[in-house]
Amino acid sequence: MNKRFDILILYALVIFLIGIINLYSASYNFAGNYVIRQSVWFLAAIIIAAGFSFIGTRRVLSMGLILYGLSLLLLIIALIVSSEGPTQRWLKLGFINIQPSVFMKFSLPVFLVSVFYYNNFNSSVSLITPLFFTFLAALLIAKGPDLGGALMLFPSLVAFFILKKVKFRVILPWIIAALMAAPLLYFNLKPYQKSRIMTFVNPELDPLGAGYTLIQSKIAVGSGCIRGKGWLKGAQGQLRFLPEAHTDFVFPVFAEEWGFLGIVFLLGLYLLMLRRMHSIASRDKDEASGMLLKLFLVTISTQIIVNIGMTIGILPIVGLPLPFFSYGGSDLVVTVVMIAMFLKER
Amino acid sequence: MFSKIYKAFLTISFALIILRIFSFQILRGDYYRKMSLNNYLRVLPLSGYRGSILDRYGRELAGNRLNFSIQLLPDRVKDREEVFDIISRELGLSVEDLDRIYRLNFKAPFAPLTLVSDIDFEKALYLKERYRGISGLLISDDIKRYYPYGPLASHLLGYLGEISERELAELKPYGYRFSSYIGKSGAEREFEPYLRGSDGGMLVKVDNQGRIIEVLSRQDPGRGLDIYLTIDLDLQKKAEELLAPYSGSFLAIDVNSGQILTAVSSPNFDPNLFLSSDSRKILDLLRSKEKPLLNRAIQGEYPLGSIFKLLVAVAALESGAINPGDRFFCPGDFNYGKSTYRCWKSGGHDWQDLRQAIVHSCNIYFYNMGLKTGIDSIVDYAEIFGFGRKTGIDLPYEASGLLPSPDWKIKNRKERWYPGDTINISIGQGYLTVSPLQVLRFLAALANNGRLFKPRVCLSISGEEVYAEEPDILPLNVKNIEFIKAAMRDGVNSPTGTGQLAKVSPAIAAKTGTAQAVSGKSHAWFGGFAPYHSPKIAFLAFVEHGGGGGYATARIAKEFLTYYYEKNQL
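These numbers come from a predicted model, not from an experiment.

For chain A, the count of helices and strands is 15 helices and two strands. Buried residues in chain A amount to 56% of all 346 residues. In chain A, the share of contacts with a sequence separation of at least 24, taken over all contacts with a separation of at least 6, comes to 73%. Looking at chain A as shown, the accessible area adds up to about 15500 Å², and 69% of this sits on carbon and sulfur atoms.

Okay, here's the thing in structure tokens:
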């Protein structure tokens, strides 16, 4: 096979193009040129990804502590700078707004692998450092408030423990501790976050309020039937019944307009992409790099599953973009960089 | 180890997702399609325009006009106080009133609620422009019923109101909706099926804010049919004016067709009030002690007094109990059994024949004549003239009055009929009650020598003449009728007649009536026909507690007839 080309590029590109076409429809009635902005971000992402490719996985891994520290700093700055606004998820940098939580999604796996690669986690106490740094980052993100972004740190932590072959009985005390702390955490959630969890349990509880999004999302998906209503013809998206149609709820727009056949095609592409990524990560001759790729793989996989899962009511609604589909520059950059690192390690 | 777990995780997750989507899109796809349609398809009803109600010459008494109103969508209003403040500032209404109207008119959070109606056009445009950003505040325009003459002929025209639950249950198949307006009384009610325009509607596509994105189809609303009444607006106006100071009624009918030319009930009301958003004004009308909503002309039931003597005279002559020349002596009172019955003139009328007795309205003569004629004959003739039952006029809620008879008394009072009862009814007192319309019809039948028309107020429906029933030809001797008519003429035109205040030229024929009321002053009646020589109209003036029939009512009749003569150059 040609060394310069990998089928992974094709999968990612096709998904991104479908995503652009869908974004066009999802933002058809909005002012804001989302398609153009997303495309510009994509180009920027490729340039940044090329930079990371040039640096190389090894050297990226050596920068684990710095990346983590920088990401943490960004989070803290974001919290301080925009503490007056209602949400601090965004860091406004003049003409662009970046979402620092997304960078932590990239930095934490690098940090975990680079710092703890040689550690032996054979006692519960030995887990305390990776747990501490993960929770610290998660807490800052959750304070954002960005519950989805915070939760996205944990799949890579779990995957890291599995890869490190940490015994279940070693983790168990922490799980128990976490379960005991859970109610405490729940009371610290913002009211809207609580109501999202409540309405996940029963959306009819508040059909015009918190349950509205889920109901409209289900209607959008369900009314797509087998063939869909056609591009630009989805009433739920076009008539704005579906909130956040261009970001977190971009999948229902696709489901409504392309139907079951479209979804099978899209999910198939995602699966092929993930399978290819998995095979690259598994065959990596460098064990540490392979481990990092696997953490990325789990992160991207989980994000796809959680995003789609929340739009169809099998998971609670947390703000999370669908990779390559949702509008959002920061997330696109991070996703593309991750993919690039797979291509580098092929 | 990792690969196994990862693959399992991925497979299970994707399988769950695809199964869930399969169930949404394939198994329950139709359900969600319908939900989606419900989301964005709305049927907006477009109310039909009501037909007009016009007078006999085509002058509009009830029509439609464009109405601008302020409506609120309760569930879209964020800050109700702010909205009230704005309206109060712009239209000079108090916040308390607005709050009261809001609470009165509130039906459901999603149902538009009319707060203020009848805003003028420029103000409406200004408000629409200025406050377009206020959520839940609508400046809407619609076609609204309008009565250009306000209270004129209000009882005849009737009024509209929102459909009641009972009416809706019955009328839903005919396209009536929750909050449809429907005729509640008068012609508006009687001719509802003709007046009502066919409703139209629009199928529209709306977005999540309920804004119309696209009109998918439209059925234009239709206009109802026009009702031409038999009323003459000029005569009606004149009569309303004359009766305004009193509680009572004035009626005029074409004796040759049974068409009602004038129908006044006083006090009247402004039917426009029933369409205002402030229902307190309606409640005030409903609660008023003067009962302005009662159509005294057809719904009122009153003792008649001496006009009934004409009927007793017909019965006496027709049954042969009395000849016109028979005389009775009137000493001023009349003893029968243990009771004493009086004449209205304390000194008595001396010897009277029938003509004189009618002219002078002598009670003693009629006591004697009534006893001689007998209650059965009196009841028989009262029945053929339609006393005690509805005339069948084309208006709702007509009263039937009460014609007492021996049978009636046994059934309802558990008592036999006494000669004293006959004495009372001979002068139109006792149990007898009538509606002014019944009396008018009786007078009209005398005027045209015994042809009894069914009175009617509808002349034509959108140019289509309505079928006029042939009159009943009453089995009467014209000579007897002519005799009574002449006596009525003398009652107005002789210097001793009770109705001389109504004397006009050409001569009319009429009879006064002064009926004892249950409490307070007597009711005053004055009815007859004009002109005497070739009768065209019959008329009846009635004033509640108006005292003697020869005064206020006679003057009203005189003024009315003077105007009628001028107008028709008689």
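Looking now at the interface of chain A and chain B. Tallying the contact residues gives 45 residues for chain A and 31 residues for chain B. Buried area between chain A and chain B, summed over both chains or domains, comes out near 3300 Å², and the portion from carbon and sulfur atoms is 77%. Ranking the residues of chain A by area buried against chain B places Leu239, Phe260 and Ile305 of chain A at the top, with a combined share of 19%. Across the contact surface, chain A and chain B share zero salt bridges. Within the residue set of the side of chain A that touches chain B, elements represented by two or more residues are α8 (154–163), α11 (210–222), α12 (235–238), α13 (250–283) and α14 (287–311) of chain A. Here the side of chain A that touches chain B gets 13 residues from one element, more than from any other, and that element is α13 of chain A. Of the residues contributing to the side of chain A that touches chain B, the split by class is 27 nonpolar, 13 polar and five charged.

All names here are of chain B. Applying the stated criterion across every chain, the model contains 35 salt bridges over all chains. Measuring nitrogen to oxygen at the nearest pair gives 2.8 Å for the salt bridge that ties Glu167 to Lys184. Within this pair, whereas Glu167 is found in helix α7 (residues 165–171), its partner Lys184 is found in the loop between β7 (181–183) and α8 (186–190), the two being separated by 17 residues in sequence. In this structure Glu167 comes out as buried when scored by relative accessible area, which is 16%. Among the salt bridges present, the one from Asp421 reaches Lys409, with a minimum N-O distance of 2.7 Å. Highlighted residues: Asp421 in helix α18 (residues 419–426) and Lys409 in helix α17 (residues 406–413), separated in sequence by twelve residues. Of the residues examined, Asp421 reaches a relative accessible area of 12% and is grouped as buried. On the basis of relative accessible area, Lys409 is assigned to the buried category, the value being 1%. One salt-bridge network, held together by shared partners, links Asp55, Arg59, Asp232, Asp234 and Lys567.

Time to look at the layout of surface pockets. Residues and elements named next belong to chain A. Approximately 1500 Å³ is the volume found for the second largest pocket. In this structure, the second largest pocket is lined by 38 residues; those nearest its centre are Phe135, Leu151, Phe154, Ala178 and Leu185. Elements with a contribution of two residues or more to the lining of the second largest pocket: α6 (128–142), α7 (147–151), α8, α9 (168–187) and α10 (191–201). Counting residues per element, the lining of the second largest pocket draws most heavily on α9, which supplies eleven residues.

Attention now goes to the environment of Pro245 of chain B. Residues and elements named next belong to chain B. Along the chain, Pro245 falls in the loop between α10 (233–243) and β11 (248–254). Of the residues examined, Pro245 reaches a relative accessible area of 64% and is grouped as exposed. For Pro245 and Val543, which are 298 residues apart along the polypeptide, the C-alpha to C-alpha distance reads 9.9 Å.

Let us now look at helix α4 (residues 64–81) of chain A. All names here are of chain A. End to end, α4 covers 25 Å across 18 residues, agreeing with the expected 26 Å (1.5 Å per residue, within 8%). Among all positions of α4, only Gly64, Leu67, Tyr68, Ser71, Leu72, Leu75, Ala78 and Leu79 are buried. The buried residues of α4 all sit within an arc of 130 degrees when viewed along its axis, so they share a single face. For α4, the exposed residues set more than 90 degrees away from the buried face come down to Leu65, Ile66, Ile80 and Val81.

Residue and element names in this part refer to chain B. Note the cis peptide between Ser266 and Pro267, where omega equals 0 degrees. For Pro267, the location among the structural elements is in the loop between β12 (260–266) and α11 (279–287). The amide bond that connects Ser505 to the next residue, Pro506, takes the cis arrangement and shows omega of -5 degrees. Along the chain, the position of Pro506 falls in the loop between α20 (478–493) and β21 (509–515). Unlike most non-glycine residues, His545 shows phi in positive territory, near 50 degrees. Note on placement: His545 falls in the loop between β23 (537–543) and α21 (552–568). You can call His545 partly exposed: its relative accessible area is 33%.

Take the confidence of the model for chain B next. Caution is warranted with low-pLDDT regions, since their predicted coordinates should not be read in detail. Summary statistics for chain B give a mean pLDDT of 92 and a share of 99% for residues scoring 70 or more. For this predicted complex, the interface score ipTM comes out at 0.93, alongside a pTM of 0.69.

It is worth spelling out the sheet that holds strand β1 (residues 41–46) of chain B at this point. All names here are of chain B. On the basis of which strands lie adjacent, the open sheet formed by three strands has the order β1-β8-β9 and antiparallel pairing. Looking at which strands have only one partner, the edges of the open sheet turn out to be β1 and β9 (212–219). Neighbour to neighbour, the strand axes of the sheet diverge by 25 degrees on average, direction disregarded. Two strands pair when backbone bridges link them, and β1 and strand β8 (residues 200–206) are joined in this way by six bridges, in the antiparallel orientation. Directly across from Leu44, in β8, lies its bridge partner Met202.

Each value, and the rule that gives it
Along each chain, residues carry numbers from 1 onward, in the same order as the chain's sequence is written. Here the convention is simple: chains get letters from A, ligands get numbers from 1, in the order in which they are written. Local features in this predicted model are restricted to residues whose pLDDT is 70 or higher, and side-chain atom pairs enter the listing and the counts only when it is 80 or higher, whereas totals over whole chains, interfaces and linings include all residues. Only hydrogens and water are removed before side-chain values are computed, so all heavy atoms of the structure are retained for them. In this text, helices come from DSSP runs of H or I with a minimum length of four residues, and strands from runs of E with a minimum of two, each type numbered from the N-terminal end. We call a residue buried when its accessible area falls under 20% of the maximum for its residue type, exposed when it is over 50%, and partly exposed in between, using a 1.4 Å probe and counting protein chains only. Throughout, a residue-residue contact means that at least one pair of heavy atoms, one from each residue, lies within 4.5 Å. Throughout, the Shrake-Rupley method with a 1.4 Å probe supplies accessible areas, and for residues the shown protein chains are the sole cover considered. Buried area: the sum, over both parts, of the accessible surface (1.4 Å probe) that disappears when the two are put together. Whenever a carboxyl oxygen of Asp or Glu lies within 4 Å of a side-chain nitrogen of Lys or Arg, that contact is scored as a salt bridge. Polarity classes work like this: nonpolar for Ala, Val, Leu, Ile, Met, Phe, Trp, Tyr, Cys and Pro, charged for Asp, Glu, Lys and Arg, and polar for all others, with Gly in that last group. With a 1 Å grid spanning the protein atoms alone, the term cavity applies to any set of points in which a 1.4 Å probe fits but cannot get out, the term pocket to an open set with protein on both sides within 12 Å along at least five of seven lines, and the term lining residue to any residue with an atom within 4 Å of a point. Grid points are joined across faces, edges and corners, and a volume is the space filled by probe spheres set on the points. Expected span, for any helix, means 1.5 Å times one less than how many residues it has. Our arc is simply the arc of the directions from the helix axis toward the C-beta atoms. How sure the predictor is of each residue is captured by pLDDT, a score from 0 to 100. At least two bridges found by DSSP between two strands are what make those strands a pair. Fitting a line to C-alpha atoms yields each axis, with helices limited to the stretch in contact; the angle taken between N-to-C directions then spans 0 to 180 degrees.

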